[in-house]
Amino acid sequence: MLPAPRPTRLWRTAQVAELAVVERCEPVRRRHPDLAWAWWLTEWGVDVRLTAERDGAQEELAAAGDALDRILDPVVFARAPLPLPAVLRDLMLARGATLAVAESCTGGLVAARLTDEPGASGYFRGGVIAYADAVKTAELGVPAALLAAHGAVSEPVAAAMAAGVRTRCGVDYAVAVSGVAGPDGGTDAKPVGTTWIAVATPATVFARRHRFTGDRARNRILAAAAAIDAVRRVLVGGDGTPPWRDDDTWSRP
């Protein structure tokens, strides 16, 4: 006979690096050393799992869990084993809202991840893979002068991409990604991993620079995760509330 599963709590986070998540948990871990603690990287960010491995530790698990709720809440996208796109899907469908994407360095990865989940057709309308600057201008309406003045990997261009795809696809929300995935193409001003993400809402357009430090594949994965989570945060926080926080380590300069 298999033993009964031990009581466990799970927090799925995005937009904060693993070390930063561990450091935020550390005060609670010191108070509750008898619980089993685990952190691990996922495609979406960092998961935290807390387990009561000894009998009678449920109250301790509850106390530690409540403390972690308060600490991690701003960066948690789920407290159940759900992928980030599924969480966004449920929020979009509940609101009856629609979404489109404009992608450069991610090359369609954001759209692919969104449509991995069944039910995506209920809110996702499509997008534009604007890898070349000429496509950004022709298909998204990004002014050539803007590209010449600031470069494709910049706040004005990412914002224009998001606003352009929102208009062209006739959706409520749009997200755009433009960055230097690597391994080449970086400069002193825009090193490899520099990525601008913009979210267009019915109220405004938000844009933020991110600096990823992985290889090409990891930088693209994190960019897609950051883009999807940014839309989720807008839906949770409100159309006029920026989807990024000062302590989001992915979007620090």
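Structural notes, computed from the coordinates.

About the thresholds
- Residues numbered from 1 in each chain as written.
- Predicted model: local features only at pLDDT ≥ 70, side-chain atom pairs only at ≥ 80, totals over all residues.
- Heavy atoms only, no water.
- 1 Å grid on protein atoms, 1.4 Å probe; cavity = no way out; pocket = protein on both sides within 12 Å on 5 of 7 lines; lining within 4 Å.
- Points joined across faces, edges and corners; volume = space filled by probe spheres on them.
- Nonpolar A, V, L, I, M, F, W, Y, C, P; charged D, E, K, R; others polar.
- Helix = DSSP H or I, 4+ residues; strand = E, 2+ residues; numbered from the N terminus.
- Pairing = 2+ DSSP bridges.
- Axes fitted to C-alpha atoms, helices over the stretch in contact; angles between N-to-C directions.

## Things to note about the layout of surface pockets
Looking at the largest pocket, its volume works out to about 240 Å³. In terms of lining residues, the largest pocket is bounded by 14 residues, among which Ala17, Phe212, Thr213, Leu222 and Trp250 are the most central. Broken down by class, the residue content of the lining of the largest pocket amounts to 7 nonpolar, 4 polar and 3 charged. The computed volume of the second largest pocket comes to approximately 200 Å³. Lining the second largest pocket are Asp73, Pro74, Val76, Arg232, Arg233, Val236, Gly237, Thr241, Pro242, Pro243, Trp244 and Arg245. With 4 residues, the top contributor of residues to the lining of the second largest pocket is helix α8 (residues 216-237). Its residues placed into classes, the lining of the second largest pocket shows 6 nonpolar, 2 polar and 4 charged.

## A closer look at the sheet that holds strand β3 (residues 46-51)
One open sheet holds the 4 strands; their spatial order is β2-β3-β1-β4, and the pairing between them is antiparallel. The outermost strands of the open sheet, each flanked by one partner alone, are β2 (36-41) and β4 (76-78). In this sheet, neighbouring strand axes are inclined to one another by 30 degrees on average, regardless of whether the strands run parallel or antiparallel. Where strand β1 (residues 8-13) lies against β4, 2 bridges are found, and the strand directions are antiparallel. Its bridge partner being in β4, Thr13 is matched across the sheet by Val76.

## Describing the pairing of β1
The sheet contact formed by β1 and β3 spans 6 bridges and is antiparallel. Looking across to β3, one finds that Thr13 is bridged to Val46.

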